[in-house]
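# Reading the structure
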Amino acid sequence: MIAGDMSWLEKAHPIYYTARKAPWGGDPSGPTLENPWMPAIQIHLAEVIMNEGCFYITTPIYYVNDVPHIGHAYTTCAADILARYFRLRGQRVLFLTGTDEHGQKIVKAAREAGLTPQELVDRVVVRFQELWKIMDISHDDFIRTTEERHIRTVQALFHNLSERGLVYKGEYEGWYCVPCETFWPENQLDERKVCPDCGRSLEKLKEDSYFFALSKFEKPLLEFFSSQPDFVMPESRYNEIMSFIQGGLKDQSISRVGLNWGVPVPGDPSHTFYVWFDALINYLSGVDYVDREEKFSDFWPSVVHLVGKDILRFHSVLWPGMLVGAGIQPPQRVFAHGWWTIEGDKMSKSKGNVVDPYQVIDTYGADRFRYFMMREVTFGLDGDYSERALIERCNADLSDNFGNMVHRTLKMLDKYRGGKISRPVSYSDGEWESLLEEVIGKFEFSMNRFAFAQALEQVWRLAHAGNRYIDKKAPWKLAKLPDKQEELDTVLYRLLDCSRLLTLFVFPFIPRAAGKLWEMLGMEKLLEEHRIPEDLVWGKIQMFKPREAQPLFPRILDDEDR
Ligand code: ME8
């Protein structure tokens, strides 16, 4: 396939533009990030398309010049939630994360630490891998760019592009930011010649380089963008990238000389690949592009990349350009999330305000950390991190609403029924049924758009309803009245059933607490073996034999409470 030929497009993205109503019957014309229930044609475009039930989700591969921070934890947590969610839906999921281990930045950090680059990356990679363990991240694979399988893939892709006449040797002159590993064109700089991203001084470099003919892909990429309005999400980012491409694309330098910490260019070992060319290809290494046709053809068509907004351009311009050039279809979606500031300030080492995920988890637990990041901020917008906000959010939602409802339910079951209860004969209830139906519709819709905060808002409507129901029905009063025993059974069973449904909904977000709750509910099958939406129906607990109820999220006392 050559640039200009768009036949792959139709094959890769079958037409799914048929107008369709929102699942709960609302008007589907125009959701915004802030208000996803508003109208838009995007609604039906925003569904994740599965290829044969496969879903491939990736995080950026993180630089190992330093230890992980909240930004890394954020993207990885979001990817984990999607992976768990789609697994619950019975899909085959491939969830890839990893580390970006080449380039000048690593060499510099190693030098400063008195280590070789290999020693440095071997040490720091462990910090990432351990963090994912304690955060309950369920990735299927972890890729390091120093691995042989990756090096082979980079070289294969280069070979592929060369064969198609899309690579040439020239001379590169530009302003380079070492910490950001980015070249800046003169026209984007002012006279100070500092990096527009990080503000640090740039170095002027002039050297031989291989180039990828990205400029040839201006038109194909614009056509692709027009045909895929949800290729880049959120919408504001899509527009930003579209106008960037409309501004014209330049060929991209893809190799460096004099830097041996990188993947060698085949046939010209004085060159190593530019770290971004190298890094992006990790997503192909993760599906064994070179060796395993089947894995690639199963998973690649449904690949979704989650990235921070700062690296969106690489993922939505250079990367699809490289792929189209090599005859590979572009990803299904690139979603750019916002940045965390810390108590209103930009997070930086020099300010000493970098949030250490290890510390947060140590103090509050992985579930609270995960929950806070996903609920506090609409995915796609910037957010502010503070311990106070985390405490308030977790106390309100996890302790006072969810935890309270479930705990009260289990305690009452124990007290009034010795922990055992059967499904009542007459159980159907229109109000509960329509509430659940609406929650499922909006939850699934939000999850498809990666609107995690909105998905959780929906789930909590069930917990609220449960709490209100307890207050209204006052089981402690029913317990005292002999003619109300049947009603008490129904109330308790409803609450128990509601706790089961809540557990299924929240499992992707707070897997540890959900697992514990599942056991407390006495459910026989493992949580992971249940399926949504099939099991999201009332009345699926047959006979309840509970374990002892433990509070899931004891309130955190903050300074004001003490
Ligand atoms: O960019 N808030 O790696 P990286 C939210 N190796 N996200 C943040 C953040 C913040 N304050 N700070 C950083 C790289 N991030 C490349 C990726 S992929 C082929 C190569 C996010 O370790 C940032 O937006 O610098 C990015 O998505 C991620 O951390 C990786 O950062």
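Residues numbered from 1 in each chain as written. Predicted model: local features only at pLDDT ≥ 70, side-chain atom pairs only at ≥ 80, totals over all residues. Heavy atoms only, no water.

Together, K108, R111, R200 and K346 line one region of the surface with positive charge. Relative to the elements of secondary structure, R200 occurs in the loop between strand 5 (182-184) and strand 6 (203-212). Given a relative accessible area of 46%, R200 falls into the partly exposed group. (Patch = residues over 30% accessible without salt bridge, like charges linked within 9 Å, V, L, I, M, F, W, Y side chains within 5 Å. Areas by Shrake-Rupley, 256 points an atom, 1.4 Å probe, with all protein chains shown as cover. Salt bridge = Lys/Arg side-chain N within 4 Å of Asp/Glu carboxyl O. Lys, Arg positive; Asp, Glu negative; His and termini not counted. Charge placed at Lys NZ, Arg CZ, Asp CG, Glu CD. Helix = DSSP H or I, 4+ residues; strand = E, 2+ residues; numbered from the N terminus. Buried < 20%, exposed > 50% of the residue type's maximum accessible area, 1.4 Å probe, protein only.)

A separate point is the pattern of salt bridges. Evaluated as defined, the whole model comprises 35 salt bridges. Across the pair D291 and R152 runs a salt bridge whose closest N-O atoms are separated by 3.0 Å. Here D291, found in the loop between helix 10 (282-285) and helix 11 (293-299), pairs with R152, found in helix 6 (residues 148-163); they are 139 residues apart in sequence, far enough to count as distant. Classification of R152 as partly exposed rests on a relative accessible area of 32%. For D268, the salt bridge identified is with K169, shortest N-O distance 2.9 Å.

Turning our eyes to something else, we now look at the pairing of strand 12 (residues 303-308). Within strand 12, six of the six residues are buried, which leaves it mostly tucked inside the rest of the structure. Strand direction decides the pairing type here: strand 1 (residues 54-63) and strand 12, joined by three bridges, are parallel. Across the sheet, residue T58 finds its bridge partner in strand 12, namely H305. Bridge count for strand 12 against strand 13 (residues 333-337) is five bridges, and the pairing is parallel. Residue pairing for strand 13: V304 is matched across the bridge by R333. One crossover worth recording links strand 12 to the parallel strand 13 by way of helix 12 (residues 312-325), and it is right-handed. (Pairing = 2+ DSSP bridges. Right-handed = clockwise from strand over helix to strand, strands pointing away.)

What follows is about the packing of aromatic side chains. One pass over the structure, following the stated rule, counts 37 aromatic pairs. Between F55 and F86, the ring centres sit 4.3 Å apart and the planes meet at 50 degrees, which makes this aromatic pair tilted. Here F55 is found in strand 1, whereas its partner F86 is found in helix 3 (residues 70-88), with 31 residues between them in sequence. For the pair F55 and F86, one class covers both residues: buried. Measuring from ring centre to ring centre gives 6.3 Å for F224 and F225, while their planes differ by 90 degrees; the resulting arrangement is edge-to-face. What makes F224 buried here is its relative accessible area of 1%. (Phe/Tyr/Trp six-rings, centres within 6.5 Å; stacked < 30°, edge-to-face > 60°.)

Taken in spatial order, the four strands make up an open sheet running 5-4-6-8, and their pairing is antiparallel. Taken across any chain shown, the strands that pair with only one partner, and hence form the sheet edges, are strand 5 and strand 8 (252-253).

Overall, antiparallel pairing links the three strands, which are arranged 9-11-10 in an open sheet. Strands with a single pairing partner mark the edges of an open sheet, and in this sheet they are strand 9 (255-257) and strand 10 (264-265). Bridge count for strand 10 against strand 11 (residues 268-273) is two bridges, and the pairing is antiparallel. Looking across to strand 11, one finds that V265 is bridged to D268.

Around the ligand, the structure places 23 residues, and the nearest of them are I61, D100, G308, D310 and W340. A distance of 2.9 Å separates an oxygen atom of the ligand from a polar atom in the backbone of G308. W340 has a polar backbone atom sitting 2.9 Å from a nitrogen atom of the ligand. About the coverage of the ligand: the protein hides 94% of its 660 Å² of free accessible area. Listed by contribution, the elements that provide at least two residues to the shell around the ligand are strand 1, helix 3, helix 9 (275-280), helix 10 and strand 12. Per-element tally for the shell around the ligand: the top contributor is strand 1, with four residues. Taken together, the residues of the shell around the ligand sort by class into 13 nonpolar, eight polar and two charged. (Near = heavy atom within 4 Å. Polar contact = N/O pair within 3.5 Å; in protein donor to acceptor, adjacent residues only side chain to side chain. Nonpolar A, V, L, I, M, F, W, Y, C, P; charged D, E, K, R; others polar.)

What follows deals with helix 7 (residues 218-227). Listed as buried for helix 7 are P220, L221, F224 and F225. What you see down the axis of helix 7 is that its buried residues fit within an arc of 135 degrees, all on one side. (Arc of directions from axis to C-beta.)

For the rest of this paragraph, the subject is unusual backbone geometry. With omega at -5 degrees, the peptide bond leading from M233 into P234 counts as cis. Along the polypeptide, P234 turns up in the loop between strand 7 (232-233) and helix 8 (235-246). Of note, the amide linkage connecting I532 to P533 takes the cis form, showing an omega dihedral of 5 degrees. Turning to its location among the elements, P533 is positioned in the loop between helix 20 (511-520) and strand 18 (543-544). You will see that E343, though not glycine, has its phi angle at about 45 degrees, which is positive. For E343, the position within the fold is in the loop between strand 14 (340-342) and strand 15 (345-346). Residue classification places E343 among the exposed residues on the basis of a relative accessible area of 61%.

We now examine the domain arrangement of the chain. Here the domain parsing of the chain yields domain 1 (7-342) and domain 2 (387-544). Computed from C-alpha coordinates alone, the two centres of domain 1 and domain 2 are separated by 39 Å. On the domain 2 side, the residues contacting the 29 residues of domain 1 number 23 residues. Across the contact surface, domain 1 and domain 2 share one salt bridge. At the surface where domain 1 touches domain 2, the tally comes to four residue pairs in polar contact (both at pLDDT 80 or more). Elements that contribute at least two residues to the side of domain 1 that touches domain 2 include exactly helix 2 (42-45), helix 3, strand 12 and strand 13. The biggest single contributor to the side of domain 1 that touches domain 2 is helix 3, with eight residues. A per-class count over the side of domain 1 that touches domain 2 returns 20 nonpolar, two polar and seven charged. (Domains from an automatic or database assignment. Contact = heavy atoms within 4.5 Å.)

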